[in-house]
Structure formats: structure tokens, C-alpha cells
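Examination of the molecular architecture
What follows is the residue order along each chain.
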Amino acid sequence: MMKRINVSLRLRHFPELKKYHTQKVAFSPTKPEFEPKSSPHGTSVDDILLGQVLDQKTLRTVHSRIILQNLRCDSALGVKLIKSYSALNDVVSARKVFDEIPERNVIILNVMIRSYVNNGLYREGIQVFGTMCGFDVRPDHYTFPCVLKACSCSGNIVIGKKIHGSATRVGLSSTLFTGNGLVSMYGKCGFLSEARLVLDDMSRRDVVSWNSLVAGYAQNQIFDDALEVCREMESVKISHDAGTMASLLPAVTNTTRDNVMYVRDMFLKMGKKSLVSWNVMIGVYMKNAMPVEAVELYSRMMEADGIEPDSVSITSVLPACGDTSALSLGKKIHEYVQRKKLIPNLLVENALIDMYAKCGCLDRARDVFENMKSRDVVSWTAMISAYGVSGKGRDAVALFSKMQDSGLVPDSIAFVTTLAACSHAGLLEEGRSYFKLMTDHYKITPRLEHLACMVDILGRAGKVKEAYSFIQEMSMEPNERVWGALLGACRVHSDTDIGLLAADKLFQLAPEQSGYYVLLSNIYAKAGRWEEVTKVRDIMKSKGLKKNPGASNVEVNGDIHAFLVGDRSHPQSDEIYRELDVLVTKMKELGYVPDSESALHDVEEEDKETHLAVHSEKLAIVFALMNTEEGEEDNNAIRITKNLRICGDCHVAAKLISQITSREIIIRDTNRFHVFRFGVCSCGDYW
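Let me begin by describing the structure that accompanies this report.

Calculation rules
Residues numbered from 1 in each chain as written. Predicted model: local features only at pLDDT ≥ 70, side-chain atom pairs only at ≥ 80, totals over all residues. Heavy atoms only, no water. Core = buried A, V, L, I, M, F, W, Y, C linked by side-chain atoms within 4.5 Å. Buried < 20%, exposed > 50% of the residue type's maximum accessible area, 1.4 Å probe, protein only. Contact = heavy atoms within 4.5 Å. Phe/Tyr/Trp six-rings, centres within 6.5 Å; stacked < 30°, edge-to-face > 60°. Helix = DSSP H or I, 4+ residues; strand = E, 2+ residues; numbered from the N terminus. Lys NZ or Arg CZ within 6 Å of the ring centre and 35° of its normal. Salt bridge = Lys/Arg side-chain N within 4 Å of Asp/Glu carboxyl O. Pairing = 2+ DSSP bridges.

Thoughts on the nonpolar core
- In this structure, Leu248, Ile333, Met383 and Leu486 are the most contacted members of the largest nonpolar core, which totals 170 residues.
- Residues contacting Ile333, with those up to four places away along its chain left out, are Tyr298, Ile314, Val317, Leu318 and Cys321.
- Counting residues in hydrophobic clusters, the runner-up holds 32 residues, among them Tyr577, Ala624, Ala654 and Cys683.

Overview of the packing of aromatic side chains
- Enumeration according to the criterion identifies 10 aromatic pairs in this entry.
- Judged by centre distance (6.0 Å) and plane angle (70°), the ring pair of Phe435 and Phe470 falls under edge-to-face. Residue Phe435 is found in helix H24 (residues 428-441), and its partner Phe470 is found in helix H26 (residues 464-472); the two are separated by 35 residues along the sequence. Here the two residues Phe435 and Phe470 agree in accessibility, since each one is buried.
- Linked through ring pairs, Phe400, Phe415, Tyr434 and Tyr442 together constitute an aromatic cluster.
- The lysine or arginine in question, Lys273, covers the ring of Phe267, its NZ or CZ lying 5.3 Å from the ring centre.

Examining the pattern of salt bridges
- All told, the structure shown has 23 salt bridges when counted by the stated rule.
- Here Asp354 makes a salt bridge to Lys358, at a shortest N to O gap of 3.4 Å. One end of the pair is Asp354 and the other is Lys358, both in helix H19 (residues 346-358) and 4 residues apart, which spans about a single turn.
- A salt bridge links Lys465 to Asp495, with the nearest nitrogen and oxygen atoms 3.9 Å apart. In this pair, Lys465 sits in helix H26 while Asp495 sits in the loop between helix H27 (480-493) and helix H28 (496-509), placing the two residues 30 residues apart along the sequence.
- Taking the relative accessible area as the measure of exposure, Lys465 reaches 60% and is therefore exposed.

A short note on the sheet that holds strand E2 (residues 559-564)
- Within the open sheet, the 6 strands sit side by side as E2-E1-E3-E4-E5-E6. Their pairing is mixed. If you trace the sheet from one side to the other, it starts and ends with E2 and strand E6 (680-681), each paired once.
- In the sheet, strand E3 (residues 638-642) pairs with strand E4 (residues 665-668) via 4 bridges, with the strands oriented parallel. Each residue of the ladder has a partner; that of Arg639, found in E4, is Ile666.

Structure follows, in C-alpha cells:
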């Protein structure tokens, strides 16, 4: 029998960790599956453990041989067994081996702590650290970084501070590894002053030290201080690396363009760029609504020597392909994913569904969905959303039912997507039913997103007064989105009275948002109340509010081309305008009459002073017609992404152009997809 040591008698060095002392776990080895045999070359158990253990079965066979050869008291073999089990995420077996080793030294204890921490069992790692003093073992510069990581990842600042004190007492708190661990721990726990003090007290600092402080500021959304630390690194001749960029990422979301450019310059100055740095830069662009730049950077990465995109690269850039309708690049990425066997992978497959859906390729999105070996709620929600924004509301709700039948429980986001699908398709009763299902059956408390969808469903169905009553009965304060849905319904159904009430609320919530002034102006204009129209325009001018200019993107031959309203900057502008004149003439022969109301009053979409013919989507359509040929399946379609809601005149024009040219035109605006085929739109003129 192994001698048991009463560690509770000797916790004098770390009395504050006394409560983390653990009891010994007994070990009953299982019978080996076959008798151990030596190899022809006399390979020892030690040699096998030094090599790579491929699977659990092999490791247990080796372990059984150790037991039969009465070697389980060999500390060196025990350490290797612990490491091997830990690598297979079998921490229970690792702990059993640990408990059978009679010797207790800093190496053995460090290995057990690391096994727990590397497998996410932070409390257990701290517990083993607490036993070190009981065995009269002095922690070393490998012990503290590991146990500090446990505190950092678990947010245990109380124990973290006590471990800091312990490290100070043994003279290790200002050494490189321990200091880095302390900076990281304090930063992640939000104690940034302490993190800075530790960094300043360190006798030696490396790039990890600085990156840890950058990460602390970034994770706590203190971006200016994070950037200041980056500049300080330059002043002390510490070069930024991929870790620096990755540390900044949490804070670089919806930040200023100057900040994005600073990170870009950091990236460009790197001599040798790692895959991590490429991925981080793509992520920075995507977190700041710069999908065109993300797509361009990914294309450059593909040309870089020695860089192969991984699943992180793919899941970062696919949303950019969807946002810019870059279908050809999206398809190439899909082929790459299949060639490199990066699927099955839920994150990659869900991103593929979303990309194809945003490009208007429902069949391809459904193919990815159907070929998945497993699906989560995100997968189903992405496919439901694809049908919803394409106006196929009944397909969307049918898919929702299938998700329920599969045994998955829909979450809050799945209901938002389904309610939005009902709204786009004008499914009033279905919308009411799903809202009731969510609240009564699944007991999900409605969020403002759900409530806004219900207002939109009621408003689009012409039930403006009911929508207003619904808002008045809400248990939470309506936000901008809720009142915006009501104001939009008032514009469609010419309800000036309720529209004025909604606009008043919006002006209080978002006084600098020009779109709501525009909507109110449109409501007055539709009612012929021109004096009020002028007053609204005067208010906008006095506040210095400007309308967002219309912009459209189209992908042609792998390149993304952007057009603004009245754009003449494109190299082919002269040809585009000539071809547009020809098309307008043909459209008029089919009865086209420019919708002057769109030009004069629907200024949410384009500047009213600009002639209807030069709206950005018309320019993008003509450019695509000039530079592509009719193909097969989705290659035949012209895909446009618009930053505003499509106006009535452009909607009519797109229908006629699709009829004249026999080309499918897909326009994704801020609300939904419009698929134009042979003079008919998928939205049924309801948007």
C-alpha cells in the first residue's frame, strides 16, 4: 500500500488556499485486453510513451503493461502517462495515475495542474496548486503561469491576487513568465491598473508581455489605451506581431476609420505575415462594415506564398462574399473547402448557407443544408432566413416546423427570423400564431426584435391602428426599430395621424437619423400636404442632416464594382449611359413611365434632385449586362447589393429590363431580396 500523506497539516506557505485541498482518488486498474509483449527490437514502455500515442486503446494497453511490470511507482513514467491521458482529454485517468505516484515534486505537480488547466478544469488546477505546500514543494516559474491562467480563464480574481502574493514571497512575481501571467490575469479580470503596474515592475518584458496588456484594454473596450500601448511598443523597439493584432480585435468593432487604418498599417508593416495576422485583418474589416476590403484582402492572401486559409479564414470571409454578392469568389471558396476537407464543420457550413442565401442562390444554400451530417439551430435559422428574405414565407414556416420535428428547440433568434419571414410574405395569421407559440409554448420572453416584427406584420397587412395599440400595450419601452416599423407602415397606407405620432417618438430617440425625417416628408407628400413637406426639409437643413446616397455593388468576372447615384467615375461610364438610354427607350415602348414621386419624395433611397435614370442600381444593372453573357443556372443572374431600400421606379425598371433582356436580376436591398424574372418580381410588389 502506498503511504498516504496528510497534506492538511502543512499548509503554512499558502494558508489562503486551504479550502482547495482535495482528497485522494483510489485507482483500480482494469484488466489488460491482451498480455503485453515486447517488440522484436526490445522497445521499452518508456520509448513508447516518448513517441506519439495515437488513441485511447493504445494508451490503455501501454498503461496495463506498466502495471503488470510493476512500474507504476516510476515517477518519470507516471509523468508521461499523465501527459498522454491529458492530450486525449481523459483527465480522470490522468488524475488516477497522479494519485498512484508516491513521490511529490514540482514537476509532477506542475504536470497535473497543466493537465487540468489545458482541459478547462480551472478549479481543479487551483486545487492541486493548493496541495503543493502540503508536500513541502516550492512552486517554480512554470507553476505560476499555469495556475494564473486558471484564475484568468475562470475570472477568479480573489485567488489570483492571493497567488500574486505567493509569487512575490518566493521572488518570482516580476520574472518574465509569471509577470506575463499576472498581466494577462489582471487584464482579463478588468483590473487594468494592476496589470499596468505588474508590467512596469517586470525586470524583462517581451512581446507577449505587451500583447497581454493590449488584450486587457481591448477586452474591456478601452480602445484608445490599447492603441497607446501599441505605440509605446514601437517606442521601445518591440515589433507588433499577429498576437498584437489578435489582442486588439475585441475592441475594433464599429470603431472609427482612423482606428481601422492604424491596425491595417500595423498589418502592412509586418515583415512575415502569419495566417493569424491575415485572419485578424479580415475580421477587423468585417467588424467595421468593410466587406469589400475583406474580400480584396482574402484574394491577396490566396496569392501570398506559404499561406493556406483555414476554417477561421473561411468563416470570416464568407459573410463578406454575401454582403457584396461576390458569388464567384464564394463558389471558389466552397470548392476549396471541399478540396481541403474542411467540412464537416458546422461553422463553415453555416457560413456557406448564409453566403449562398445572401447571393440569392437558394438552391445552392439548400444543397449545403441537406448535405450536412449534423445541424444546429443556427443551420436551420440560416435556411429559414434565406427563404424569408426571398419572399418564400411559406417555405420558411414549413422549414421551421421541420426543425421542431427534428427535436431541436427553436431559440429567440429562430423566432425573430420566422416572424420576419411572415412579415416579408404578408402572412398575418401565421405571424400571430408563431408569436403565440413562442410566448405560450416555449415560454420565451419577447425581445424588442420580436415586437418590432409583429408591428411590421400588422402594419404591412394594413392594420396600422392595431399595430399602434400593440405598441401601447408593450411591457417594455419601444425602441427606434419598433417606431420605425410603424412609421414605414404609415407611409405605405397613408396614415398621416399615426405617422406623425411615430415620427415624433423617432425624433426623440434618434434626432440625427435623417431617414425618419424623410419618411415623414414622404407621408406628407403622398397626402399632398406640401407646406408640411417644406417644413420637414427646412428642419433637416437647419440640423445639417443629409440623406445617405444610394450605392450599389455588382460582381463581374471576380471583381466588385461599386456605383453611386449619378456616378460617372467608372471607366466605362460613357458606354453605360449610352446603353441605359437605349434601354429606357425600349422600356417606354412597353409602357414605362418614370415614377416622379420616387424622384421627388422617396429620398430615403436617392437624392431627389438626381434624375431617376441614374439611380445606382440601374447603372449597376447596365454595367453587368454590358460585361457578362447569358449563362446557365446562377451564372445567368445579375446580382446587385443596394445600401438602401429600392425605390418604386427602379423596381418597375428592373422588372422591364428582365423582360427585355431575358436575364434574371437579383437585387438585395436593406429589407429583402427582389428576384426579377421575365417582368415579374418575387416580392409580388409587396415590400
